[in-house]
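Residue-level structural notes
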Amino acid sequence: MALVTAESLKSELEMFDVPCTDDSVLDTMVELCICSRIQADEMLLEWVAYSTTKNGLKLSADTLEQFKHEVLNKKSKSKQSFRKDESHNRTRDIHSLQDLIKAEEEEDNLLDSYSTPAKGPQKRALTTPEHPHSKRSTALLASPGLLLSPASFSPSATPSQKYSQRGGKGEVVVTFGAVQGTRWVGRRSAGAGVQLELLEGCEDSLRSSYKFMFQRLRDVRNVLTEKIEELGESLKSHFSIEEFSPVSLPAQDSIKVLGQVCCDSNGKLNAHSVLLEAGPEQGGHQVPVDLSELKEYSLFPGQVVVMEGMNTTGRKLMASKLRLSFHAVAEPMNVLVACGPYTTSDTLTFDPLLDLISIIVRDRPDVCLLLGPFVDSKHEQIEVGLITPRSFILYCVLIRNCLCFLLSSVGCRLVFVPSQRDIHHHYIFPQPPFTLPNLSKDQRVTLVPDPCTLLIDGVTFGLTSTDILFHMGAEEISCGTGSDRFSRILKHILTQRSYYPLYPPVEEVNMDYEKFQSFGQMPLTPDVLIIPSELRYFVKDVVGCICVNPGRLTKGQVGGTYGRLLVQRSASSQDVKRVSPCLAAQVVKV
């Protein structure tokens, strides 16, 4: 609770246009705020409501005493009654970390009273009136330094044994580029002189939360239509096509049609269920597609393509050629990339995160890209409801302390990307950035949305924490395109110019298409695409873009992987060939 003073009350009175010149009245109001545990603005709101019901009652010592008995005392009794009746089943109003720990103790004692006694000797110490606190809470309360250390914020007190006993720490599992002799350390002054900005303009970028859960089907249709038309213009220019034909118009000659791939049912797309849906300019109709004459193809729902073929009846397109690939024509910098979860599945201790911090302190990279989830909604203890809201409050303090520690000890640039699996953040795609008021003022901390495109020292990075690789891998159909499925899906993502080209999205992705149209597209093909996934880690060069799946920092009960890159802005050249700025990259076990 913030400190209430006479000055703060006076400013609130002026804001509400309540005249008061008596200092003793102000002192009495301060006392009432402290005794009733309410803030100055809440006190004033209560007074304004009370005086309004009393025909504009003037503020004085007498009326304040009347206000105390009729309003504040009744409110206090109501709170006490509520606490008594709901002491074992309530969401607490927690004002300090000490209260957090006390609340945890009461909840643990309640759970113990309902649990079945375990077999064997019990080592838990008994609490008495003389010794009311457990060893854990006593140690934390006695040591403010320990109370504010990252290790104290793990809700589960038992570290993961499998994680602590893991092997292969620091083992390099993937390499890319000239890694021989590469020093994986930052510049002398980590983060010094690094220019980092969102490619979207300040007015257009997603900077804060927004209202969602209301979108009309007409708006979704308009977004998809604009995507077809925009990519259609690029495909028409790249393949020198004069004009597209309507998909449902009967024609005896070979025609070129533009449209979006979709499925003829709610099931999974297959070679016999492909439909091509045209935009409004081409009639807006759907037509079944026969793929039997194509030697190779790779398709997924929502993909915008140009098909050539015969449609003699107007009811089925016999595809003979598929056109979908076109390319968009930026001292070394050390970049570390890590993706959550930052805890193992059998405990909520943040040991993996602390190990990652140790690596950052040791290597001192210039930029750290940290992607969610930070508090994973898919964690076993969260899914079954064993974790209380207290843990989510602790998370905010944990992140703040970790950030302060990194900034003070290393000073590198930190970029935070949220995830839809973050249980403490908005469940929507595109997802607004985290809100960390005290740290967002620091120029070394950048809070970005998911997805986003960053320009870091002249190198463009595309970032998303949504597992589009896994989602598209389950929906894509292909024939004769080779066995490298990762490269094929990545090429689709880049050529579709979208961080989530799949339509309809999987059920776990809560899509807002109005915002997706503005913030879910790629303004250009990035130099580096960071695309974490549950699938196996990799580093690949796809159409001139270095695509990195760093894996996740934890995999179940064991440690996972993180990525590191050495990038350098390439000199401007008139050569049409795209030159990658990524000199070397590795995926390393934590």
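Residues numbered from 1 in each chain as written. Predicted model: local features only at pLDDT ≥ 70, side-chain atom pairs only at ≥ 80, totals over all residues. Heavy atoms only, no water.

The chain appears in an unreviewed UniProt entry as DNA polymerase alpha subunit B from Scophthalmus maximus. Of the comments in the UniProt record for the chain, the one headed Function (unreviewed entry) reads "Accessory subunit of the DNA polymerase alpha complex (also known as the alpha DNA polymerase-primase complex) which plays an essential role in the initiation of DNA synthesis." UniProt annotates the chain under Subcellular location (unreviewed entry) with the comment "Nucleus". (UniProt positions renumbered as here; feature names shortened; annotations may be inferred.)

**Quick word on the overall build of the chain**
Across its full length, the chain holds 16 helices and 22 strands. A burial count over the chain gives 48% of its 590 residues as buried. Carbon and sulfur atoms make up 51% of the accessible area of the chain, which totals about 30,000 Å². (Helix = DSSP H or I, 4+ residues; strand = E, 2+ residues; numbered from the N terminus. Buried < 20%, exposed > 50% of the residue type's maximum accessible area, 1.4 Å probe, protein only. Areas by Shrake-Rupley, 256 points an atom, 1.4 Å probe, with all protein chains shown as cover.)

**Let's talk about the packing of helix 14 (residues 468-475) against helix 15 (residues 485-495)**
Where helix 14 contacts helix 15, the axes come no closer than 10 Å and their chain directions differ by 105 degrees. It follows that helix 14 is roughly perpendicular to helix 15 by the angle criterion. On helix 15, the residues that touch I468, L469, M472 and G473 of helix 14 are R485, I489, L490, H492 and I493. (Axes fitted to C-alpha atoms, helices over the stretch in contact; angles between N-to-C directions. Parallel < 35°, antiparallel > 145°, perpendicular 65-115°, else oblique. Contact = heavy atoms within 4.5 Å.)

**Remarks on the pairing of strand 13 (residues 452-456)**
Along strand 13, four of the five residues are buried, which leaves the element largely enclosed by surrounding structure. Across three bridges, strand 2 (residues 196-198) lies against strand 13 in antiparallel orientation. Residue pairing for strand 13: L198 is matched across the bridge by L454. Two strands pair when backbone bridges link them, and strand 13 and strand 14 (residues 459-463) are joined in this way by five bridges, in the antiparallel orientation. Its bridge partner being in strand 14, T453 is matched across the sheet by G462. Here strand 13 folds back onto strand 14 in antiparallel fashion, the turn holding two residues, of which D457 has a positive phi close to 50 degrees. (Pairing = 2+ DSSP bridges.)

**Some words on the pairing of strand 5 (residues 286-290)**
Side chains V287 and V289 project from strand 5 onto a buried face, and the interleaved Q286, P288 and D290 project onto a face without burial. Of the strand pairs in this sheet, strand 4 (residues 274-277) and strand 5 are connected by three bridges, and their pairing is antiparallel. Considered in strand 5, the bridge of L276 is made with V287. Both strand 5 and strand 8 (residues 317-323) contribute to a ladder of two bridges, which runs parallel.

**Observations concerning the pattern of salt bridges**
Side-chain pairs of opposite charge can arise where the charged atoms are in close proximity. Overall, the coordinates contain 15 salt bridges when judged by the stated rule. The salt bridge partner of R564 is D363, with a shortest N-O separation of 3.9 Å. Taken as a pair, R564 in strand 21 (residues 561-567) and D363 in helix 10 (residues 351-363) lie far apart in primary sequence, 201 residues in all. The burial state of R564 is the same as that of D363; both residues are buried. (Salt bridge = Lys/Arg side-chain N within 4 Å of Asp/Glu carboxyl O.)

**A look at the sheet that holds strand 8**
Around the barrel, which closes on itself, the five strands sit in the order 3-4-5-8-7 with mixed pairing between neighbours. Ignoring strand direction, the axes of neighbouring strands in this sheet form an average angle of 55 degrees. Inspection of the sheet shows strand 3 (residues 251-263) paired to strand 4 by four bridges, in the antiparallel sense. Bridge assignment links V261 to a residue of strand 4, and that residue is L276.

**As for the confidence of the model for the chain**
Of all residues in the chain, 77% attain a pLDDT of 70 or more, and the chain-wide mean is 80. By mean pLDDT, the top-scoring element of the chain is strand 16 (residues 528-530) (97), and the lowest-scoring one is helix 7 (residues 144-147) (40). The low-confidence segment residues 86-95 (pLDDT under 50) makes eleven contacts with residues lying over four places distant or belonging to another chain. Within the model, the stretch residues 118-156 combines pLDDT values under 50 with 48 contacts to residues more than four positions away or in other chains. (pLDDT = per-residue confidence, 0-100.)

**Here we look at a negative patch on the surface**
A cluster of acidic residues, E226, E229, E230, E233 and E281, forms a negative patch on the protein surface. Note on placement: E281 falls in the loop between strand 4 and strand 5. Since its relative accessible area comes to 63%, E281 is described here as exposed. (Patch = residues over 30% accessible without salt bridge, like charges linked within 9 Å, V, L, I, M, F, W, Y side chains within 5 Å. Lys, Arg positive; Asp, Glu negative; His and termini not counted. Charge placed at Lys NZ, Arg CZ, Asp CG, Glu CD.)

**Notes on the environment of V305**
Along the polypeptide, V305 turns up in strand 7 (residues 304-311). With 48 residues separating them in the primary sequence, V305 and V257 have C-alpha atoms 8.4 Å apart. Apart from the residues lying within four places of it in its own chain, the contact partners of V305 are L235, V257, L258, G259, V261, L276, L299, L322, R323 and L324.

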